[in-house]
Each structure stands twice: as structure tokens, then as C-alpha cells.
Amino acid sequence: MISPAVITLIVLVAAAVLFISEKIPVPLTAMLCLAVLVLTGIVAPADAIAGFSNSTVILLISMILVGGAMFETGVTEKVAKAALKVAKTEKQMIMVVFWLGVALSALLNNTGVMAMMIPLLLGLQASVGYSASKLMMAGFLGVMCGGRLTLVGDATVNSIAQNAIVELGGTFGAFDIGRIGLPITILTFLWLLFYGWKKLPDCKTTEDSSIFNSEEKKSAPLWQQIASVVVIALVFVGMCVTGKIGIPLYMIAMLGAIAVCAMRILKGKAVYNLIDMKTVFLYVGMLPLGTALKTTGAAQMIADVVAQICGGTGNVYLITAVVFLVSCFMTQFTSNVVTINLLVPIVVAIGETLGVSPAALIVTATIAATCGYVSPVACPPATIIYGNGGFKFKDYGKCNWSLLLLTFVLCVVLLPMLWPL
């Protein structure tokens, strides 16, 4: 009889093949994974659908609505015209969007930032004809870089690493992650400036019902325009002080969404057209796989292989490379939060077995888990742009494989110096 762990690994491999081949729609593949895990008894039905109430899902839907209000009132068109005074070409706009993502996600949750940017970028396409998919990919790379500059940007992933290091008796301050995050950000910018901007996918959205595809000029009463800006500003401030006021990010975003609907800035079909269900099904469908990897022992089987590969070697660069590759591979097919949750106890055990610093391996696994450049299921920001940008699964890899390779080399060289094993 096949063990649950083996079944889980088979599902993981099958999902990877189906994702890459896209023989069936990617969101359907995610939901099939969910269904198989339920039918085989590996995941309970209630746990399988719990993702529909996941705080990240609520956050991204709410932020899309908050940002969509600015589009519906015509504010994004004004912003687009103002932006054109700074960035007069599409390439320059790509760079502006990248750095905007970096700056905002160093201060705020990068999932919320990406969701907030979607309506603005779609508005740029509607207003001046710039490719929304190119801008979204640049913004995605920016928010991922910003999330590695402070503990705030990719708060969940970074806090897991911080807590684990503190439990080991070490320290991990608010800006410690930036020691490796800043070099990666500079590398990403240079890659984007001299090479990557030409590789960004130019996709056409197929959502004919989307309000963003309408050629109708958006306008609204001045008070609604002002209100839409005030709401998004209040949401921004709320996210900055979420720890002090005790209100979680998703609730702040939801209150903003309720406000724009209550003021009739968004109404009727516009509300439903803004919500991209492909993104929701893709994200929710892959959550149970991460749970199964942990509960069945499949993740431990992967860890045992890693330990065998690294066993007996004192080469810090080889150990760093192997841990990075395992974490990076896993995060392409499960969310980065799931990946780092699974790997922290594993890399700690590996570190103790090999006699090297577990803290250094935790940082390595954490950084690798945030390098989900080649898959839309790797992290919420990657998932958010999938449906809204009209991407295919392969677009991520075609565009970003070289960046991922460069980041891998940079990390293998720098991480053992910054956090000696």
C-alpha cells in the first residue's frame, strides 16, 4: 500500500508537470490537487476548503477593491498622466514601478502593496497603452525585493525565520535581512535595466468583463475622487501602524473595501468584475498540498535526502547551495510561507547534524523561499498578478529564469560571508 507521504510527493510532481505543460488551466490543476488529497484521505474536507477564508485571500480581494475605486473614479488616469512627466517611455515606467514596489514593500506587507498596485498598472495600460503585464512583473519583482529589506515587507516569512533564530539564542533585527536583501535588490535592478526589461511578458488580458478593459473614459464627482484617495491613504497608514492599533492587515483592507462600496464609489457589477477568481482558486487550491507535505512526513523525506547529500562535507558553499536549491524548488509549487514553515525545523536538524550554524541555514532557506520568480503559486504577489496580467505559467520562467540563476550564485557567494556557517 502506498504511504500518504509518497502519494503527496506524487501529487507534487504531477502538479509541477501540469503547471508547466498547462494542458489544463492552472487554477484547475490547483483545485485537482486539492480534490485528490481529500479523496485519498490525506487532507480533511474542512481543512481543504479552509483557504477560502484565509486572511491572505481576504487581503488581496479587499485591496483590489480599494485600488479599483481609484480607477473607477478616474484618479488613476490622472496619476498616469502625472507619472508620464517622470517616465516618458515604457522602459522608464518599468523602472519607476520596480522602485515603487521596492520602497512600499519595505514599509508595508508586500501582498497588500502588489494588490494595491494592480488597478494603477491596469489604469496605465488603459490610459497610455503601456503593457500592464510588463509593469506588473516589474512591480512583482520590486515588492519581492522590498520584502527582503526589512522584516515588515514579507512579514510572515521573515517572522518565522526571526522566531526560529531567537529560539536558538541568536538575534535577528528588523534590518538584518537587508544585509542580503540589498545586494539582491541591486542585482535585480541591474538585471532589469540592462536585460530583463526586454524579457518581460507582454500579455493580453482575456477578461472581457473587466472594468479595466473598457475604453469608456472614467469620471466621477470630485467628492468621490477625493474619497477614493482618502480611503487608500487611510488603509496605507493603517497598515503602517497595524501592530500598534491591534487590527490585522486583512481587516484594515476589508474596512477600506467596505468604505468604497458604502459610498457607492464601486457598485453593482464593478465590484464582482474586479475580483479575479482564477487568482483565488489558484492560491486556495495549493494550500492543502503544503499541509500534506508537513503532516504526512513527505517534507521530512526531502530533508533526509538533503542531509545525505550534505553529509560528511565541510564545504560551506555546497551546503548553502543545496539548502538554497531545495527551498527554492519547494517554494515554486507551494507558497513561501508553507515552505519556510516546513524547512525551518528541517534545516535546524541538518545544521546540528553537520555541526554548522542552524541560524545561517535558516536565513539561507528564508531567502530562497522568497525567490519564487518562476511560478505563479510561489507566493501571494506572484499569484495576484497571474490572472490580472493575463499570464501563463510559462511566462514566469521564460522571463525570470536568468534572474533566479544570478540570485542563486550571489546568495551562495555572500550568505556564508554574512552569516558564517
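In this text, all values refer to a predicted model and were calculated from it rather than measured experimentally.

Our focus in this paragraph is the overall build of the protein chain. When you go through the protein chain residue by residue, the secondary structure sums to 21 helices and zero strands. By the compact-globule yardstick of 22 Å for 421 residues, the protein chain fits well, its C-alpha radius of gyration being 21 Å. Each of the three principal axes of the protein chain carries a C-alpha extent, and together these read 70 × 45 × 45 Å. A burial count over the protein chain gives 55% of its 421 residues as buried. If you take every contact in the protein chain between residues at least 6 apart in sequence, the share linking residues at least 24 apart comes to 81%.

So, about the packing of helix α6 (residues 90–107) against helix α10 (residues 178–199). Viewed as axis vectors pointing N to C, α6 and α10 meet at an angle of 165°, and their least axial separation amounts to 11 Å. Between α6 and α10, the angle falls in the class roughly antiparallel. Seen from above, α6 lies across α10 with right-handed handedness. Counted together, K91, I94, M95, F98, W99 and V102 of α6 and T185, T188, F189, L192, L193 and W197 of α10 form the full contact between these two elements.

Our next topic: the nonpolar core. Ranked by internal contacts, the top residues of the largest apolar core, which has 140 residues, are F19, M114, F140, Y373 and I385. Excluding residues that lie within four positions of it along the chain, Y373 makes contacts with F140, L141, M144, R148, I184, Q332, Y396, N400, L403, L404 and T407.

Attention now moves to the side chain of T111. Along the chain, the position of T111 falls in helix α7 (residues 110–128). We classify T111 as buried; its relative accessible area is 7%. Setting aside its immediate chain neighbours within four residues, T111 contacts T56, L59, P380, P381 and I384.

Here the focus is helix α18 (residues 336–354). For an α-helix, 3.6 residues make a turn, and residues three or four places apart therefore share a direction. Taking 1.5 Å of rise per residue, the 19 residues of α18 would be expected to cover 27 Å, and the 25 Å separating its terminal C-alpha atoms lies within 8% of that figure. Residue L343 marks the point of greatest curvature in α18, where the axis turns by about 35°; the proline P345 follows within four residues. Residue G355 follows α18 closely and has a positive phi angle near 75°.

Scanning the entire structure with this criterion turns up one salt bridge. Measuring nitrogen to oxygen at the nearest pair gives 3.6 Å for the salt bridge that ties K134 to E90. Taken as a pair, K134 in helix α8 (residues 132–146) and E90 in helix α6 lie far apart in primary sequence, 44 residues in all.

Taking 1.5 Å of rise per residue, the 14 residues of helix α2 (residues 26–39) would be expected to cover 20 Å, and the 20 Å separating its terminal C-alpha atoms lies within 8% of that figure. Check the buried side of α2 and you find it contacts α1 (4–21), α3 (45–48), α15 (277–295), α20 (380–388) and α21 (393–418). Just past α2, the residue G41 takes up positive phi, approximately 80°.

This part covers unusual backbone geometry. Non-glycine residue R264 carries a positive phi angle of around 65°. Residue placement: R264 occurs in the loop between α13 (249–262) and α14 (269–274). Judged by relative accessible area, R264 falls into the exposed class, the value being 52%.

Between helix α17 (residues 316–331) and α18, whose axes approach to 10 Å, the crossing angle comes to 160°. Taken together, the axes of α17 and α18 lie roughly antiparallel to each other. Between α17 and α18 lies a crossing whose hand is right-handed. Between α17 and α18, the residues in contact are I319, V323, V326, S327, M330 and T331 and N336, T339, L342, L343, V347 and L354, respectively. The class makeup of the residues in the contact of α17 with α18 is eight nonpolar, four polar and no charged.

You can see V43 is positioned in the loop between α2 and α3. Relative accessible area serves as the criterion here: at 6%, V43 is assigned to the buried category. For V43 and P288, which are 245 residues apart along the polypeptide, the C-alpha to C-alpha distance reads 6.9 Å.

As a further point, take a positive patch on the surface. Where like charges cluster on the molecular surface, the positive patch consists of K23, K392, K394 and K398. For K398, the position within the fold is in helix α21.

Taken as a whole and judged by the stated rule, the model has seven aromatic pairs. Ring geometry for F52 and F281: centres 5.8 Å apart, planes at 80°, overall edge-to-face. Of the two residues, F52 sits in the loop between α3 and α4 (55–72) while F281 sits in helix α15, which places them 229 residues apart along the sequence. On the basis of relative accessible area, F281 is assigned to the partly exposed category, the value being 31%. Aromatic side chains W99 and F189 sit 5.2 Å apart centroid to centroid with 55° between the ring planes, which places their arrangement in the tilted category. Taken as a pair, W99 in helix α6 and F189 in helix α10 lie far apart in primary sequence, 90 residues in all.

Rules behind the numbers
Numbers given to residues run from 1 along each chain, matching the order in which its sequence is written. Reporting in this predicted model follows two pLDDT cut-offs: at least 70 for local features of residues, and 80 or more for side-chain atom pairs to be given and counted; totals over whole chains, interfaces and linings ignore these cut-offs and use all residues. Hydrogens are left out, water is left out, and the side-chain values use all remaining heavy atoms of the structure. The numbering of helices and of strands both runs from the N terminus, where a helix is a DSSP run of H or I of at least 4 residues and a strand a run of E of at least 2. It is over C-alpha atoms that the radius of gyration is taken, and the globule rule equals 2.2 Å times the number of residues to the power 0.38. For each residue, the accessible area found with a 1.4 Å probe, counting protein chains only, is set against the maximum for its type, and the residue is called buried under 20%, exposed over 50%, and partly exposed in between. Whether two residues touch is decided by their heavy atoms; if any such pair falls within 4.5 Å, the residues are in contact. With axes taken as lines fitted to C-alpha atoms, and helix axes fitted only over the stretch in contact, angles between N-to-C directions fall between 0 and 180 degrees. Here is the rule for angles: anything less than 35 degrees is roughly parallel, anything more than 145 is roughly antiparallel, 65 through 115 is roughly perpendicular, and the remaining ranges are oblique. Helix crossings get a hand from a simple test, with the near helix turned counterclockwise from the far one by less than a right angle marking a left-handed crossing and a clockwise turn marking a right-handed one. Side-chain atoms within 4.5 Å are what join buried Ala, Val, Leu, Ile, Met, Phe, Trp, Tyr and Cys residues into a set we call a nonpolar core. Any helix carries an expected span of 1.5 Å times its number of residues minus one. The seven residues ending at a residue and the seven starting there each receive a fitted axis; the angle between those axes is the bend at that residue. For salt bridges, the criterion is a side-chain nitrogen of Lys or Arg within 4 Å of an Asp or Glu carboxyl oxygen. We call Asp, Glu, Lys and Arg charged. Ala, Val, Leu, Ile, Met, Phe, Trp, Tyr, Cys and Pro are nonpolar, and the rest, Gly among them, are polar. Within this analysis, patches are made of residues with over 30% relative accessible area and no salt bridge. Like charges are joined at 9 Å or less; nonpolar side chains (Val, Leu, Ile, Met, Phe, Trp, Tyr) at 5 Å or less. Computed by Shrake-Rupley with a 1.4 Å probe, the accessible areas treat only the displayed protein chains as cover when residues are assessed. All tallies of charge rest on Lys and Arg as positive and Asp and Glu as negative; His and the ends of each chain are not included. Throughout, a charge is located at the NZ atom of Lys, the CZ atom of Arg, the CG atom of Asp or the CD atom of Glu. By convention, a stacked pair of Phe, Tyr or Trp rings (six-membered ring in the case of Trp) has centres within 6.5 Å and planes under 30 degrees apart, an edge-to-face pair has planes over 60 apart, and any other such pair is tilted.

In short, geometric facts, not functional conclusions.
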